[in-house]
Amino acid sequence: MKYDVNGALIGTDLPLPLVNQGKVRDVYDLGDALLFVATDRLSAFDVILPTGIPRKGEVLTQISLFWFGLLGNVPNHLISADVTTRKELIPYAKDLQGRSMIVRKAKVLPIECVVRGYLVGSGWKDYQKCGSVSGIKLRDGYQQASKLDEPLFTPSTKAAVGDHDEAISFERTAEIIGLDKATTLRDMALKIYSDARDYAATRGIIVADTKFEFGEVDGKIILVDEVLTPDSSRFWLADQYQVGTSPVSLDKQYVRDYLETLDWDKSAPGPALPAEVAKKTTEKYLEAYRMLTGKSL
């Protein structure tokens, strides 16, 4: 295992077949299942930074587990979050427990299922330019961070590490995976977002937008990877939300805002983060978990 100077886990080296190394997760083949290890790596502007965020992988995993439980009617890939149920993982349990999931193997669909409930980020930029988001025409009168009349399904392609996702239309999604699957993804993503948004509102959090990934097992579409975490979503503090501003968030926007102050062209390699920025980001992730679940990690 590789830790940085702040104690963040930034790499794994298990004696198992490595299936994939993403921006955050290292995925290993267990034969009849997969092991997802959420490291403390952080990507910003699609570049993995050299500085990790201590405990970030733990928070991502625990928040995903919380949502899998709350959204119990949505089929997902989780088998167990207890790595000691697999004898080959017991020697590494100290590093893996709390930040890992043993999951079903699924054929992951090549679509990022983005749902927007508020107009912010790239969606706000598109709206300012052409009055549309991902080809969906919107009414006049929205401001930055306005709540949309209805949540929007704005899918994108899944880019390789270091590349940028490309926003696509629903029609293009249907061309890639077929109309039936595209319709199922859209309907599932919108329903999960709406249910999660309504719950989070009771906890003082606005889920401004999020992205989901889905896969197929035996012809059935299931929810895979992480779900509704500070990495895959924008979480805003409801008591500080104000239309027309960039709301206070509990996600990696804090790091993005810091990076915007630097003379960096947003290409690899990314700059190292000061220890205080990493520490503050850890605090934001832990606070997101506490507010959503009512418990502390």
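A few points on the structure. (Residues numbered from 1 in each chain as written. Predicted model: local features only at pLDDT ≥ 70, side-chain atom pairs only at ≥ 80, totals over all residues. Heavy atoms only, no water.)

**Let's talk about the sheet that holds strand β4 (residues 25–29)**
Pairing is antiparallel across the open sheet formed by 5 strands, whose spatial order is β3-β4-β5-β9-β8. Taken across any chain shown, the strands that pair with only one partner, and hence form the sheet edges, are β3 (18–21) and β8 (78–80). Neighbour-to-neighbour, the strand axes of the sheet open up by a mean angle of 30 degrees, direction not taken into account. (Pairing = 2+ DSSP bridges. Helix = DSSP H or I, 4+ residues; strand = E, 2+ residues; numbered from the N terminus. Axes fitted to C-alpha atoms, helices over the stretch in contact; angles between N-to-C directions.)

**Some words on the packing of aromatic side chains**
Inspection of every chain in the model, using the stated rule, returns 10 aromatic pairs. Here the aromatic residues F66, W67 and Y199 are joined through ring pairs into a cluster of three or more. Lying over the aromatic face of Y142, R139 brings its terminal NZ or CZ to 4.0 Å of the ring centre. (Phe/Tyr/Trp six-rings, centres within 6.5 Å; stacked < 30°, edge-to-face > 60°. Lys NZ or Arg CZ within 6 Å of the ring centre and 35° of its normal.)

**Examining the packing of helix α1 (residues 56–70) against helix α7 (residues 275–293)**
Contact geometry for α1 and α7: axes closest at 9 Å, N-to-C directions at 20 degrees. Taken together, the axes of α1 and α7 are roughly parallel relative to one another. Of the two elements, α1 crosses α7, and the hand of that crossing is left-handed. Here K56, V59, L60, Q62, I63, F66 and W67 of α1 come into contact with α7, specifically with Y285, L286, A288, Y289, L292 and T293. Of the residues that constitute the contact of α1 with α7, the class distribution is 10 nonpolar, 2 polar and 1 charged. (Parallel < 35°, antiparallel > 145°, perpendicular 65-115°, else oblique. Left-handed = near helix turned anticlockwise from the far one by under 90°. Contact = heavy atoms within 4.5 Å. Nonpolar A, V, L, I, M, F, W, Y, C, P; charged D, E, K, R; others polar.)

**Here's the deal with the nonpolar core**
Counting residues in each nonpolar core, the largest one holds 64 residues, and the members touching the most others are F212, F214 and L228. The element best represented in this core is helix α5 (residues 179–202), accounting for 8 residues. One finds L14, A33, V37 and A93 within the second-largest nonpolar core, a separate group that totals 11 residues. (Core = buried A, V, L, I, M, F, W, Y, C linked by side-chain atoms within 4.5 Å. Buried < 20%, exposed > 50% of the residue type's maximum accessible area, 1.4 Å probe, protein only.)

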